[in-house]
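Residue-level structural notes
If you want the building blocks of each chain, they are given just below.
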Amino acid sequence: MSAQQRLAELVRGADPGVVLEGCDQADVDRMRASSDTVDKTLAAGQPIYGLTQGFGPLVRYLAESELEQGGSLLAHLGTSQGRPLPPEACRLIVRLRLESMRKGYSAVSPDFWQRLADLWNRGFVPAIPREGTVSASGDLQPLAYAAHAFAGFGEAWVRDGEGRWSAKPAKAVLAELGAEPVEWPVREALAFVNGTGASLALAILNQDSTSRLVRAVALLTGRLAELLGVNPEPYHPGVGVARGQHGQAEVAGWVRRELSAGAERAPHRPLQEPYSLRCAPQVLGAALDQLRFAGEVLLREAEGCTDNPLTYDGSVLHGGNFHAMPVGFCSDQTGLVLHQVAYLAERQLAMLCDPATNGGLPPMLTPRPGRGCGLAGVQLSATSFVARIRQHVYPASLTSLPTNGWNQDHVPMALNGANAVAEAAELAWLIVGSLAVGVAQLTASLGREAGTAAPWAALAELSPPLAADRPMAGEVRAAARLLSEAVAGPPAAGAAE
């Protein structure tokens, strides 16, 4: 199974109703051995961060009480702000932390772990604010907020019978479940918040969304090439063989699936099309390769342990696994990739709006030039979306600032980056929806039938011919959802031929 498939399983594993399996005996043995290592180290009078010592720059000071330390840790990190992360991200965050804690490096009690897992299985989902962490000692503030929700503070997501989510006071949600608020010992509190779970969960979801975005634009590229009658040679398998780039070859295969058998260049089309069509396999293929590389890194992070301190081979080790630089770089790269994919789609939409490249059809594909404006508004908004994406995907790793009394003197800002990429992804899908609406109008302008194949028949229905101008924002959103659903599953067998 590829890293991408395993990541997709992780995402599905946080869906509502999915149950997290309890610890098996091997899990329990590892967790107890980790706890025993901590107990022996304490009995030997050795210092342990967060247990015998203070937190962060206060590590030089002695801590008098583990119980007091647990409360102090969560309380001082209760500074998250902003609207909550989406429910699917919040649910994935908790699952990732539970998977990390059961590995036996974190000195977490199996009984305590099971209590959290039972609440997760019953649908308890902390509503976690998205702002306020530098992701260096882990995503401290968001994860502390999640821990607070289990303790009955803050808010939790609830889902009604129709699948709609809303936030309610966490204490009330726990009461509805018949559950008592959780009290956090310092060992478990430290293991829960000292990790990259928040930035990691959102980075995984962003990587998944952007991977689907690549497939959606490849799908639209193939449809455009078919409708316009462009030279199919750029999508020939031999072009990919000559270069040897895997992503390019795969994307070209996706494009070819939208071309009719024996497709040839129409007499009125140029030998070489603009790069937004001719080089689509190179651009989208490069995007695909980068996303898969990022996926491998994210998968390793999800399957590893990002705590501090941790136990290993009978020793307590103080290190820096909570530093989210691997996740931060992946988010930065995903953002850069997302921009290129969205920009390519916007350039293809521009081709459809220009008589010089749309085969001599009217400007903006309006059937009433002068009286009508056609896709002019759609294109203007898509251009705005690209510009906004460029603001969002400035690499967060370039915004590092020292903090925490110079204890955290190098920070990755990984959740900041993941938040920005998530917002960019929403806009990128609107650009895909804009291009899809353009494809529907191109089909009508050419007098072609949409046929019965998915998703083109449904696209023609949701965006009928422009007999007169109309507001199209709703059509763009609906087309974006349609294309997202069309690429939601794995690529069809033989897609890369």
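Residues numbered from 1 in each chain as written. Predicted model: local features only at pLDDT ≥ 70, side-chain atom pairs only at ≥ 80, totals over all residues. Heavy atoms only, no water.

1. Structural notes on the overall build of the chain
Broken down by element type, the chain carries 18 helices and seven strands. For the chain, the C-alpha radius of gyration of 26 Å lies close to 23 Å, the compact-globule estimate for 497 residues. Taken along its principal axes, the extent of the C-alpha atoms in the chain is 85 × 50 × 40 Å. When each of the 497 residues of the chain is scored for burial, the buried share is 55%. For the chain, restricting intrachain contacts to residue pairs at least 6 apart in sequence, the fraction spanning at least 24 positions comes to 79%. Working note: accessible area of the chain is about 21500 Å², and carbon and sulfur atoms make up 54% of it. Once the 40 positive and 49 negative side-chain charges of the chain are each reduced to a mean point, those two points are 6 Å apart. (Helix = DSSP H or I, 4+ residues; strand = E, 2+ residues; numbered from the N terminus. Rg over C-alpha atoms; globule rule 2.2 N^0.38 Å. Buried < 20%, exposed > 50% of the residue type's maximum accessible area, 1.4 Å probe, protein only. Contact = heavy atoms within 4.5 Å. Areas by Shrake-Rupley, 256 points an atom, 1.4 Å probe, with all protein chains shown as cover. Lys, Arg positive; Asp, Glu negative; His and termini not counted. Charge placed at Lys NZ, Arg CZ, Asp CG, Glu CD.)

2. Description of the nonpolar core
Core analysis: the biggest nonpolar cluster contains 82 residues, and W113, F124, W184, V193 and I204 have the highest contact counts within it. With eight residues, the single largest contributor to this core is helix α4 (residues 87-101). Excluding anything up to four places from it in sequence, I204 contacts L7, L10, V11, L92, L96, L298 and A302. (Core = buried A, V, L, I, M, F, W, Y, C linked by side-chain atoms within 4.5 Å.)

3. Side note on the pattern of salt bridges
Scanning the entire structure with this criterion turns up 17 salt bridges. Note that R212 is salt-bridged to D208, the shortest N-O span being 3.3 Å. Linking R212 with D208, this pair stays in helix α9 (residues 197-228), spanning four residues, or about one helical turn. Counted as one network, the salt bridges with shared partners bring together D27, R30, R95, E99 and R102. (Salt bridge = Lys/Arg side-chain N within 4 Å of Asp/Glu carboxyl O.)

4. Considering the sheet that holds strand β2 (residues 125-126)
By definition, the strands of a sheet pair up through backbone hydrogen bonds, in either a parallel or an antiparallel sense. Here we have three strands laid out as an open sheet, ordered β2-β4-β5, and antiparallel in their pairing. Each edge of the open sheet carries a strand with a single partner, namely β2 and β5 (165-169). (Pairing = 2+ DSSP bridges.)

5. Thoughts on the side chain of T443
Relative to the assigned elements, T443 resides in helix α16 (residues 414-445). Setting aside its immediate chain neighbours within four residues, T443 contacts R223, L227, R448, E449 and A450.

6. Observations regarding the packing of aromatic side chains
Centre-to-centre distance and the angle between the planes together describe a pair of aromatic rings. A full pass over the atoms with the stated rule returns four aromatic pairs. Between F112 and W184, the aromatic rings sit 5.0 Å apart at their centres with planes inclined by 65°, giving edge-to-face as the arrangement. Separated by 72 residues along the polypeptide, F112 in helix α5 (residues 110-121) and W184 in the loop between α7 (170-176) and α8 (186-193) bring together distant segments of the chain. The exposure class assigned to W184 is buried, which follows from its relative accessible area of 7%. Geometrically, the ring pair formed by F124 and F150 is tilted, given 5.0 Å between the ring centres and 50° between the ring planes. Of this pair, F124 sits in the loop between α5 and β2 while F150 sits in helix α6 (residues 140-150), placing them 26 residues apart in sequence. Just as F124 is buried, F150 falls in that class too. Following the ring pairs from residue to residue traces out a cluster consisting of F112, W184 and F192. In this structure, R215 is placed above the aromatic ring of W254, and the distance from its NZ or CZ to the ring centre is 6.0 Å. (Phe/Tyr/Trp six-rings, centres within 6.5 Å; stacked < 30°, edge-to-face > 60°. Lys NZ or Arg CZ within 6 Å of the ring centre and 35° of its normal.)

7. Digging into the pairing of β5
Looking along a regular strand, one sees the side chains alternate between the two faces of the sheet. Direction of pairing for strand β4 (residues 155-159) relative to β5: antiparallel, over a ladder of five bridges. Bridge assignment links R159 to a residue of β5, and that residue is W165.

8. Digging into the environment of G240
Counting through the fold element by element, G240 comes out in helix α10 (residues 237-243). C-alpha separation for the pair G240 and P281, spaced 41 residues apart in sequence, amounts to 8.7 Å. If we skip the residues at most four places from it in the chain, G240 touches Q245 and Q248.

9. Points about a nonpolar patch on the surface
A grouping of Y105, Y312 and L317 is seen on the molecular surface, where their side chains present a nonpolar patch of about 290 Å² in accessible area. Residue position: Y312 is located in strand β6 (residues 310-312). (Patch = residues over 30% accessible without salt bridge, like charges linked within 9 Å, V, L, I, M, F, W, Y side chains within 5 Å.)

10. Points about the state of the cysteines
Joining two cysteines, a disulfide is a covalent bond between their sulfur atoms. Taken as a whole, this structure holds zero disulfides when the rule is applied. Sulfur of C305: no disulfide; nearest cysteine sulfur belongs to C23 and is 14 Å away. The class for C305 is buried, based on a relative accessible area of 11%. Free of any disulfide, C353 has its nearest neighbouring cysteine sulfur in C373, separated by 12 Å. (Disulfide = S-S within 2.5 Å.)

11. Examining unusual backbone geometry
Most of the time, phi is negative for any residue but glycine, and the peptide bond is trans. With omega at -10°, the peptide bond leading from N308 into P309 counts as cis. With respect to the helices and strands, P309 occurs in the loop between α13 (280-303) and β6. Residue P455 follows A454 across a cis peptide bond; omega there is 0°. As for its placement among the helices and strands, P455 is situated in the loop between α16 and α17 (456-462).

12. What about α6?
With eleven of its eleven residues buried, α6 lies for the most part within the structure. Remark: G152 follows α6 within two positions and exhibits a positive phi of approximately 95°.

13. As for helix α18 (residues 473-486)
Between the first and last C-alpha of α18 there are 20 Å, a value that for 14 residues agrees with the 20 Å anticipated at 1.5 Å per step. Residues of α18 that are buried: E475, V476, A478, A479, A480, L482, L483 and S484. Buried residues along α18 sit in contact with α9, α15 (376-392), α16 and α17. (Expected span 1.5 Å × (residues − 1).)

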